Amino acid sequence: MAGRPLDAEILQAVEVYAGRRGVAAHLTDPGAADLTWQNLLDFHIVRSVETRGERPMREPGGRDDIATRPTYTDIGSHPVPPPSDPEKSDAWLLVRRGSLDEERCGDCDGGTTKCGDCDGRGVRDCPRFVDCPVCQGGPDACWECEGTGRRRAGRPAHLRSGTPSAHRALCARCRASNAACPKCTGRRQLDCPDCKKKGYVRCGACEGTKRVTHQECRGTGRFTVWTEGWIHQNPHREKERRLGRLDLRRTTGGAGQWHKTVLRRATDELPDDLDEADESLIAPHLAPRKDEVARLATLRRLPLAHVRVHADPHRDYFAFPSHTGIEVTSRPTTDRVRYFAAIATASVALVALVAVLGVVVLR
Ligand SMILES: [Zn+2]
Ligand SMILES: [Zn+2]
Ligand SMILES: [Zn+2]
Ligand SMILES: [Zn+2]
Ligand SMILES: [Zn+2]
């Protein structure tokens, strides 16, 4: 293993560390300690995966920009370079050679169609008269004739008294004075303000031109057609894989002298200092994927020595190469952890039992 210290160096470092914890033992003596090596591993791979396809295109008007695009004959075999950085996306839009053409719009005449709002007349029908908004066309139109032109026999009381009203006008229908609505002078209706009594107004949709722009061809009367080929290269990242004692990552992350290997081709071999077990876990993730055009696999590893000190059987000692020498750390053994966990569980159960008893006693 690259950068793996000698076993004796590890045992000496663990001995110093254990000594500070009050465990006095000469670990290099035969039978004083057991040492086994393992690896901490970080593995990460990102592949650039390529997809290709073709589609028919039809865009309104003339498209000079399409003519300047690169062309292809067979999209499946058209060569494009692999990305220099598999983390980055890239895309190509191509035009199949000889497919670029222009066609007339079949649904309009030179980019315009007959106005649908006015049916090509340029004008819309409009009523000549509108109801008078003041008298609403009721009896108030004229107190004498109610807007009919025929005077009634009797006159309303307020007129019989002979008081002229400033708010009434001479009736245009029955000629009675001070009797008619001043707005319509008894006619109940007013000339339409929109068409000025003409009976029609200009069509707002075509502004009176009788024709409107054909939306589909955007008024150009033609379409540019071509076959588009596309090639996409996109990164596919696999989740980072971490192997070995994960509980030691915090300790080893910054301090450990990790070795990094970068694999850029599917044919690149894994470094030969890996355990068989590590290799069999990583190898499947290195298999080439369909349509893979580039890859970047990163493997970081740190040799980790696991030392069992017989004079201190309830602790696991770990040592690894650091930037300054050998770093040592320790953890209670798994048995020990389970033992304390069991005690903790038992305490919880006891507390619960006491609580139940307490409730029973109080009742
Ligand atoms: Zn058209
Ligand atoms: Zn009248
Ligand atoms: Zn009126
Ligand atoms: Zn009108
Ligand atoms: Zn119109």
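Everything below is about the structure printed above this text.
Just so it is clear, the structure is predicted and the values come from calculations on it, not from any experiment.

What follows concerns the overall build of the protein. Looking only at helices and strands, the protein features six helices and 16 strands. Each of the 363 residues in the protein was classed as buried or not, and the buried ones make up 35%. In the protein, once contacts between residues fewer than 6 apart in sequence are set aside, the share between residues at least 24 apart is 77%. For the protein, the exposed surface amounts to about 21900 Å²; the carbon and sulfur share of it is 51%.

For the zinc ion (ligand 3), the full set of protein donor atoms is Cys 132 (SG), Cys 135 (SG), Cys 181 (SG) and Cys 184 (SG), at a range of 2.2 to 2.4 Å. Here the zinc ion (ligand 3) is ringed by four donor atoms whose angles at the metal span 99 to 118°, and the overall shape comes out tetrahedral. All donors of the zinc ion (ligand 3) come from a single chain, and their spacing in sequence reads C-x2-C-x45-C-x2-C. Assessed through its relative accessible area of 1%, Cys 132 is described here as buried.

As judged from the 15 bridges shared by strand E1 (residues 33-60) and strand E11 (residues 222-237), these two strands associate in the antiparallel manner. Within E11, the position partnered with Arg 58 by the bridge is Val 225. Inspection of the sheet shows strand E3 (residues 90-96) paired to E11 by six bridges, in the antiparallel sense. What sits directly across from Leu 94, in E11, is Gly 229. Examined bridge by bridge, strand E4 (residues 101-104) and E11 share four bridges and lie antiparallel to one another. Paired with Glu 103 across the two strands is Phe 223, which belongs to E11.

Before going further, it helps to spend a moment on the nonpolar core. Ranked by internal contacts, the top residues of the largest apolar core, which has 16 residues, are Ile 10, Val 14, Val 307, Val 309 and Tyr 317. Looking at this core element by element, the count peaks at six residues for helix H1 (residues 7-20). Core analysis: the next-biggest nonpolar cluster, separate from the first, contains 11 residues, Ile 45, Leu 263, Leu 270 and Ile 282 among them.

Before going further, it helps to spend a moment on the coordination of the zinc ion (ligand 5). Coordination of the zinc ion (ligand 5) by the protein involves Cys 115 (SG), Cys 118 (SG), Cys 203 (SG) and Cys 206 (SG), with metal-donor separations of 2.2 to 2.3 Å. Around the zinc ion (ligand 5), the four donor atoms sit at angles spanning 103 to 115°, and that spread fits a shape best called tetrahedral. In the primary structure, the donors to the zinc ion (ligand 5) are separated according to the pattern C-x2-C-x84-C-x2-C. Remark: Cys 206 occurs in the loop between strand E9 (200-202) and strand E10 (211-213) and Cys 115 occurs in the loop between strand E5 (112-114) and strand E6 (123-125); sequence separation between them is 91 residues.

So, on to a positive patch on the surface. A surface patch of like charges, here positive, comprises Arg 128, Arg 173, Arg 187 and Lys 197. Relative to the elements of secondary structure, Arg 173 occurs in the loop between helix H3 (157-160) and strand E8 (189-191). By relative accessible area, which is 41% here, Arg 173 ends up partly exposed.

Another aspect to go through is the side chain of Arg 295. As for its position among the elements, Arg 295 is in strand E14 (residues 292-309). One polar contact links the side chain of Arg 295 to the main-chain carbonyl oxygen of Leu 286, over a distance of 2.8 Å. When residues no more than four places from it in sequence are discounted, the contact partners of Arg 295 are Ile 45, Val 46, Arg 47, Pro 86, Leu 263, Arg 264, Arg 265, Ala 266, Leu 286, Ala 287 and Pro 288.

Pairs of aromatic rings are described using the distance from one ring centre to the other and the angle between the two planes. Taken as a whole, this structure holds one aromatic pair when the rule is applied. Look at Tyr 17 and Tyr 317: their rings are 5.8 Å apart centre to centre, the planes differ by 85°, and that puts the pair in the edge-to-face class. Remark: Tyr 317 occurs in strand E15 (residues 315-322) and Tyr 17 occurs in helix H1; sequence separation between them is 300 residues. Taken individually, Tyr 17 and Tyr 317 each receive the classification buried, so the pair is uniform in this respect.

Analysis parameters
Residues numbered from 1 in each chain as written. Chains lettered and ligands numbered in written order. Predicted model: local features only at pLDDT ≥ 70, side-chain atom pairs only at ≥ 80, totals over all residues. Heavy atoms only, no water. Helix = DSSP H or I, 4+ residues; strand = E, 2+ residues; numbered from the N terminus. Buried < 20%, exposed > 50% of the residue type's maximum accessible area, 1.4 Å probe, protein only. Contact = heavy atoms within 4.5 Å. Areas by Shrake-Rupley, 256 points an atom, 1.4 Å probe, with all protein chains shown as cover. Donors = N, O, S within 2.8 Å, 3.2 Å for Na, K, Ca; no water. Tetrahedral: all angles 85-135°; square planar, octahedral: opposite > 155°, others 65-115°. Pairing = 2+ DSSP bridges. Core = buried A, V, L, I, M, F, W, Y, C linked by side-chain atoms within 4.5 Å. Patch = residues over 30% accessible without salt bridge, like charges linked within 9 Å, V, L, I, M, F, W, Y side chains within 5 Å. Salt bridge = Lys/Arg side-chain N within 4 Å of Asp/Glu carboxyl O. Lys, Arg positive; Asp, Glu negative; His and termini not counted. Charge placed at Lys NZ, Arg CZ, Asp CG, Glu CD. Polar contact = N/O pair within 3.5 Å; in protein donor to acceptor, adjacent residues only side chain to side chain. Phe/Tyr/Trp six-rings, centres within 6.5 Å; stacked < 30°, edge-to-face > 60°.

Coordinates in, geometry out; function isn't part of it.
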